[in-house]
Amino acid sequence: NAGVTQTPKFRILKIGQSMTLQCTQDMNHNYMYWYRQDPGMGLKLIYYSVGAGITDKGEVPNGYNVSRSTTEDFPLRLELAAPSQTSVYFCASSLGTSSSYEQYFGPGTRLTVT
Amino acid sequence: SQKIEQNSEALNIQEGKTATLTCNYTNYSPAYLQWYRQDPGRGPVFLLLIRENEKEKRKERLKVTFDTTLKQSLFHITASQPADSATYLCASLPFSGGYNKLIFGAGTRLAVHP
């Protein structure tokens, strides 16, 4: 049982490049989330999904896109990378029922845009 | 706007003492509060959840309280150990929210000295 896995662990992008951050969970969770974490700031929600084919914007969605074609995978796409997207990105999943609200986080992807 | 605040200054304590971390929320009523532990370079790990109708929750050396009058949650670690050194994040779900979309605080770094 691997939990939530993310790839890559580190990435350096040039301004204007694009990339996809991968996220996979093996716990059969319906809810999945993408956060970014900047130094001294709380985790900010970028996008979330409540099931395959269903996604919605979070607090800071500009410059990002997501898709959810399966329960397991929730990739985050960065188009036209900008220095403001330099951050650590975390994917998380949750069962989302009243008996289990905890979120399980992946190890994170550290992204630098120069 | 809905905000959740934690003390940004690191908390330094001696091994064996009780560590107390504070989480304050403004402009909303949480349905529940969660506490997570985050080690450097890793994703957050869930510790405890307390609901708005609960005053106190315990798990081994951990205790969480929830005071809706003060709009505050306190997180205690008794008999602290150097291994407890980490950043602790507070997160909440507003009653107006849904899909387990949490609001996170920036975290408080705890350092336990031998």
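Residues numbered from 1 in each chain as written. Chains lettered and ligands numbered in written order. Predicted model: local features only at pLDDT ≥ 70, side-chain atom pairs only at ≥ 80, totals over all residues. Heavy atoms only, no water.

K.L.:
So what's going on with the overall build of chain A? Residues and values would help.
P.N.:
Each helix and strand counted, chain A has zero helices and eleven strands in total. Relative to a compact globule of 114 residues, whose C-alpha radius of gyration would be 13 Å, chain A shows 13 Å and is just as compact. Residue burial in chain A is summarised as follows: out of 114 residues, 46% are buried. At a minimum sequence separation of 6, the contacts of chain A that also span at least 24 residues come to 55%. Summed over its atoms, the accessible surface of chain A is roughly 5400 Å², and 51% of this surface lies on carbon and sulfur atoms. Averaged over its 9 positive side-chain charges, chain A has a centre that lies 11 Å from the centre of its 8 negative ones. (Helix = DSSP H or I, 4+ residues; strand = E, 2+ residues; numbered from the N terminus. Rg over C-alpha atoms; globule rule 2.2 N^0.38 Å. Buried < 20%, exposed > 50% of the residue type's maximum accessible area, 1.4 Å probe, protein only. Contact = heavy atoms within 4.5 Å. Areas by Shrake-Rupley, 256 points an atom, 1.4 Å probe, with all protein chains shown as cover. Lys, Arg positive; Asp, Glu negative; His and termini not counted. Charge placed at Lys NZ, Arg CZ, Asp CG, Glu CD.)

K.L.:
Give me the interface of chain A and chain B: which residues, what numbers.
P.N.:
Opposite the 20 residues of chain A that make contact, chain B presents 19 residues. For the pair chain A and chain B, the two sides together bury roughly 1600 Å², of which 59% comes from carbon and sulfur. The tally of links from chain A across to chain B stands at zero salt bridges. Our enumeration of links across chain A and chain B arrives at three residue pairs in polar contact (both at pLDDT 80 or more). Secondary structure elements with two or more residues in the side of chain A that touches chain B: strand E4 (31-37), strand E5 (44-51), strand E9 (87-94) and strand E10 (103-105) of chain A. Per-element tally for the side of chain A that touches chain B: the top contributor is E4 of chain A, with four residues. By residue class, the composition of the side of chain A that touches chain B is twelve nonpolar, seven polar and one charged. (Buried area = accessible area lost by both parts, 1.4 Å probe. Salt bridge = Lys/Arg side-chain N within 4 Å of Asp/Glu carboxyl O. Polar contact = N/O pair within 3.5 Å; in protein donor to acceptor, adjacent residues only side chain to side chain. Nonpolar A, V, L, I, M, F, W, Y, C, P; charged D, E, K, R; others polar.)

K.L.:
A description of the pattern of salt bridges should follow, citing residues and the corresponding values.
P.N.:
The final tally for this structure, using the stated rule, is eight salt bridges over all chains. Salt-bridge contacts for Asp-38 of chain A lead to Arg-36 of chain A; the nearest nitrogen and oxygen are separated by 3.1 Å. Pair check on accessibility: Asp-38 of chain A and Arg-36 of chain A agree, each one buried. A salt bridge links Glu-54 of chain B to Lys-57 of chain B; its shortest N-O distance comes to 3.6 Å.

K.L.:
I'd like a rundown of the nonpolar core, residues and numbers included.
P.N.:
Ranked by internal contacts, the top residues of the largest apolar core, which has 23 residues, are Ile-4, Leu-33, Trp-35, Phe-75, Ile-77, Tyr-88 and Leu-110 of chain B. Among the elements of the structure, strand E3 (19-26), strand E4 (30-38), strand E5 (45-51), strand E7 (62-67), strand E8 (72-77), strand E9 (86-94) and strand E11 (108-113) of chain B are those that each provide at least two residues to this core. By size, the runner-up hydrophobic cluster in this structure holds 21 residues, among which are Phe-105 of chain A together with Ala-31, Tyr-32 and Phe-46 of chain B. (Core = buried A, V, L, I, M, F, W, Y, C linked by side-chain atoms within 4.5 Å.)

K.L.:
So what's going on with the pairing of E9 of chain A? Which residues, and what values?
P.N.:
All names here are of chain A. For E9, the tally of buried residues reaches eight of eight residues, placing the bulk of the element in the interior. Every second residue of E9 is oriented toward a common face, with Ser-87, Tyr-89, Cys-91 and Ser-93 on one face and Val-88, Phe-90, Ala-92 and Ser-94 on the other, all of them buried. One ladder, built from seven bridges, connects E4 with E9; its direction is antiparallel. From the neighbouring strand, Tyr-35 faces E9, where its bridge partner is Phe-90. As paired strands, E9 and strand E11 (residues 109-113) are joined by three bridges and run antiparallel to one another. (Pairing = 2+ DSSP bridges.)

K.L.:
How would you explain the packing of aromatic side chains if you had to name every residue and give the values?
P.N.:
In the structure shown here, the tally under the stated rule is 14 aromatic pairs over all chains. Seen from their ring centres, Phe-105 of chain A and Phe-104 of chain B are 6.1 Å apart, and the 80° between their planes marks the pair as edge-to-face. Of this pair, Phe-105 of chain A sits in strand E10 while Phe-104 of chain B sits in strand E10 (residues 103-104), each in a different chain. Considered together, Phe-105 of chain A and Phe-104 of chain B belong to a single accessibility category, that of buried residues. Seen in terms of ring centroids, Trp-35 of chain B and Phe-75 of chain B are 4.9 Å apart; in terms of plane orientation they differ by 20°. Their pairing is stacked. (Phe/Tyr/Trp six-rings, centres within 6.5 Å; stacked < 30°, edge-to-face > 60°.)

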